[in-house]
Amino acid sequence: MKVVEINDVFRTYHDTEVEVKAVNGVTLSFEKGDFAVIVGPSGSGKTTLLNLIGGLDQPTGGEIIVAGHRLSELRPSELIDFRMEHVGFVFQSYNLIPVLTAEENVGFILSLQKWPKEKRKARTQEMLSAVGLSDRHKSRPSQLSGGQQQRVAVARALAARPEFILADEPTANLDSKSAETLLDIMVKLNKDEKMTFIFSTHDIRVMKRARRVITLEDGRVVSDEKVNHR
Amino acid sequence: MKDYQLAWRNLWRNRRRTLITAASVFFAVFFALIMRSFQLGTYEKMYRDVIESYSGYLQLQHVDYMDESNLDNSFVIDPGIISRIEDDPNVTAVIPKLESFALAAAGSRTQAVMVIGMDPDNEIRGLNIRNRLIRYRLTPGAVESLKAENLPGLTPKLLDVFVNESFTDEESLISILGIDRSDTLKILPLLRKYTVFDNGYLTAADTGFAVIGSGLSEYIHAGVGDTLVLMGQGFHGASAAGLYVIKGIVNMSQPEIDNRFVYLTLDDARYLYAAPGMATSAIISVRETDDDNLLMTRDRLREVLGDDLVIRTWKEMNALLLNQMEADNKSGAIMIGILYLVIAFGVFGTVLMMMAERRREFGMLVSIGMRKGKLARTISMEMLLIGLLGVAAGVAGSLPVVFLGYARPLRFTGEMAKMYEDYGFDPVMPMLLPDTYYLWQVVIVLLILLVAIAFSVRKVFKLNVINALRA
Ligand SMILES: Nc1ncnc2c1ncn2[C@@H]1O[C@H](COP(=O)(O)OP(=O)(O)OP(=O)(O)O)[C@@H](O)[C@H]1O
Ligand SMILES: [Mg+2]
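Residues numbered from 1 in each chain as written. Chains lettered and ligands numbered in written order. Predicted model: local features only at pLDDT ≥ 70, side-chain atom pairs only at ≥ 80, totals over all residues. Heavy atoms only, no water.

Moving on to the site of ligand 1. Close contacts around ligand 1 come from 15 residues, with Asp15, Ser42, Lys46, Thr47 and Thr48 of chain A the closest. Ligand 1 sits at the junction of chains A and B, each of which supplies nearby residues. Take Tyr13 of chain A: an N or O atom from its side chain is 3.4 Å from a nitrogen atom of ligand 1. Taking Ser42 of chain A, its side chain carries an N or O atom lying 2.5 Å from an oxygen atom of ligand 1. With the chains in place, 75% of the 630 Å² that ligand 1 exposes on its own is no longer accessible. Only strand E2 (20-31) and helix H1 (46-53) of chain A provide two or more residues apiece to the shell around ligand 1. Looking at which element gives the most residues to the shell around ligand 1, the answer is H1 of chain A, with three residues. Here the shell around ligand 1 is built from residues that sort into four nonpolar, seven polar and four charged. (Near = heavy atom within 4 Å. Polar contact = N/O pair within 3.5 Å; in protein donor to acceptor, adjacent residues only side chain to side chain. Areas by Shrake-Rupley, 256 points an atom, 1.4 Å probe, with all protein chains shown as cover. Helix = DSSP H or I, 4+ residues; strand = E, 2+ residues; numbered from the N terminus. Nonpolar A, V, L, I, M, F, W, Y, C, P; charged D, E, K, R; others polar.)

Bringing a nonpolar patch on the surface into the picture now. Together, Leu439, Trp440, Val443, Leu447 and Leu450 of chain B make up a nonpolar patch on the protein surface, roughly 530 Å² of accessible area in all. Looking at the secondary structure, you find Leu447 of chain B in helix H18 (residues 436-461). (Patch = residues over 30% accessible without salt bridge, like charges linked within 9 Å, V, L, I, M, F, W, Y side chains within 5 Å. Salt bridge = Lys/Arg side-chain N within 4 Å of Asp/Glu carboxyl O.)

Before going further, it helps to examine the pairing of strand E7 (residues 164-168) of chain A. All names here are of chain A. Counting buried residues in E7 gives five out of five residues, a clear majority hidden from the surface. Across the two faces of E7 the burial is the same, with Phe164, Leu166 and Asp168 and Ile165 and Ala167 all buried. Inspection of the sheet shows strand E6 (residues 87-90) paired to E7 by four bridges, in the parallel sense. Paired with Phe89 across the two strands is Leu166, which belongs to E7. As paired elements, E7 and strand E8 (residues 196-200) share five bridges and run parallel to each other. In the strand pairing of E8, Asp168 is matched with Ser200. (Buried < 20%, exposed > 50% of the residue type's maximum accessible area, 1.4 Å probe, protein only. Pairing = 2+ DSSP bridges.)

Our next topic: the confidence of the model for chain B. Residues shown with low pLDDT carry predicted positions that ought not to be read at fine detail. Per-residue confidence for chain B gives a mean pLDDT of 88; residues scoring 70 or more make up 98%. This complex was scored by the predictor with a pTM of 0.77 and an ipTM of 0.94. (pLDDT = per-residue confidence, 0-100.)

All names here are of chain B. What the domain assignment lists for chain B is domain 1 (3-49 + 321-470) and domain 2 (135-198). Centre-to-centre separation of domain 1 and domain 2, based on C-alpha positions: 44 Å. With 10 residues of domain 1 at the interface, the matching set in domain 2 holds 12 residues. Of the roughly 820 Å² buried between domain 1 and domain 2, counting both surfaces, carbon and sulfur atoms make up 53%. The interface formed by domain 1 and domain 2 includes zero salt bridges. Per-element tally for the side of domain 1 that touches domain 2: the top contributor is helix H17 (residues 414-422), with five residues. For the side of domain 1 that touches domain 2, the residue count by class is three nonpolar, two polar and five charged. (Domains from an automatic or database assignment. Contact = heavy atoms within 4.5 Å. Buried area = accessible area lost by both parts, 1.4 Å probe.)

The next thing to look at is the nonpolar core. With 171 residues, the main nonpolar core has Ile6 of chain A together with Leu60 and Ile85 of chain B as its most contacted residues. A per-element tally of this core places helix H2 (residues 15-55) of chain B first, with 14 residues. Both domains that furnish three or more residues to this core are identified here as domain 1 (3-49 + 321-470) and domain 2 (135-198) of chain B. The contacts of Ile85 of chain B, once residues within four sequence positions are left out, are Leu60, Val91, Val94, Ile284, Leu301, Val304 and Leu305 of chain B. Val113, Ile134, Phe197 and Tyr244 of chain B belong to the second largest nonpolar core, which has 29 residues in total. (Core = buried A, V, L, I, M, F, W, Y, C linked by side-chain atoms within 4.5 Å.)

This is the structure in structure tokens:
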């Protein structure tokens, strides 16, 4: 089942005097249960592509269909709701609301979706234990390590059962051990919950764990390979 | 997580900034309220002074008297009209008054004065001149004797400053001399012994007596028991002259009045000016003194009066004073405006800083699905809370000060008091109890907040998520 379809998508920036084709004719699709990474040199368009898929940005050409929604047809406020319902985001850093506890951060989207309190609590606990942080549910982000914060972010992204999770260089600020722990958790969630993950990364450790590696260069897909682990 | 919970937590993430911002609002509100209270309280006192010592709340006059205040525009008191006016539910008494100019002389000094003729027994129901009788006076002799008593603190020095001053009550004497409350009991008997001023007052039966203002008394060097010569022009050009023994001296607080004040019985004044049965005005004393009731009373009585007579309110009669106060009021409002402008910039600075600091966070929140409206609501609530915190603290902080300042008006001591008196003001700064002016301060702060909130709401709606995330 196709979760994301990208048809001949362009994203051009005219901000400076030169025109930058950040995404230059990309056609791709992602299946449910994918664990895909997008790699490529700096400036190759990874972040731009992820923003387009997540409905944070609009293509200047082509079309993106996510879970049956043509993103170009959604109004700005509908796009926000679309993201709340269908996309889980994990950013490189500064993912969490500093004044909320880990538990409240994980439950944040659930409360935006108006989940009843009991259900929300149960789901939050479930997610926190899935990322191995049940005992830190009362901690504020400032009291957590960078790796723990990223795990809370993954738990939040997953809590509302989105269509897929977009993560732009989620391990970039982490040491090896924290990065491995985070990857273990994501691989497990991908297996257990059939959750679709789409990453961008420079991190060789992430590439090693991926089952699909898409390589971008100058805004174009130059390779798209399935990887079989053992 | 409710919006207000998030707002409340955000409030305390930068505790110091929140407190500084709230504190700046607090100080603005606090000082503005105290300033207003003093200012409005002072006006109120001035108005009360002219009303009680001179104009009353309402006056019955000849229609032309206000434009040309002379004897030619006087009228004959008609007992029928008077009793019909007294029948009005809001009227308690009608007190005829004959008022004109004269030249007063005692010894070699002369002064143009204002002669007021009224029934002294009746006067108390409309004006309050009797309470202005001088009871204590720091004559040079009294000052010498008091200094010999070795009084504590600054009092001996202050005695020199206030030599020859007069006082209508003990309270002002004590405070002006800087006497400590704890010493009052000890010193009061001494003050009474040396400074009590033997003063008298008119009765309706008196003929040939006058009560004069303390300023006039000083100027013409005439005191109780001295003879005052009045000369002027009576009704229809008759000449007016008379001799009066000064029976009492009053302190009329408004210096323009005090320096020219001569009070006779109504009969003496009518005789002096050859105007039997006449009055230049009649003070109508009333129960309810607010503007609405005064106007209603005036309008009710209109039909009783006929064409020649009108009723004037104190505001009509004191238009000049009201104008002056209005001008002063404007300059006060400008001061407060500047105060608030400074605060507005402070609040705006906080808002700008807060919005810049949290741009990334806002980008993240909108990315993960928080509607911009909801975000804007949370931020607005945050700022409203800071503002209201400041306003509430300012109002709460000012209340005890204002109530204290009302119950125990600030009285100046020493040189400061002397300066006030020399400029013709009572050295007293009464405060006005909370009134609509309180509401205005709150409204102004809310308006400032509203502008700041509108600014940040606009910022939120214009937020470009991608740029915010890259920041
Ligand atoms: N808002 C923007 N305005 C102008 N140019 C932009 C903007 N965002 C991205 N670009 C340009 O688009 C190109 C692709 O940028 P993008 O951020 O997608 O690269 P990336 O692959 O994510 O790089 P990195 O690995 O460094 O994160 C770059 O040349 C970049 O300068
Ligand atoms: Mg990038």
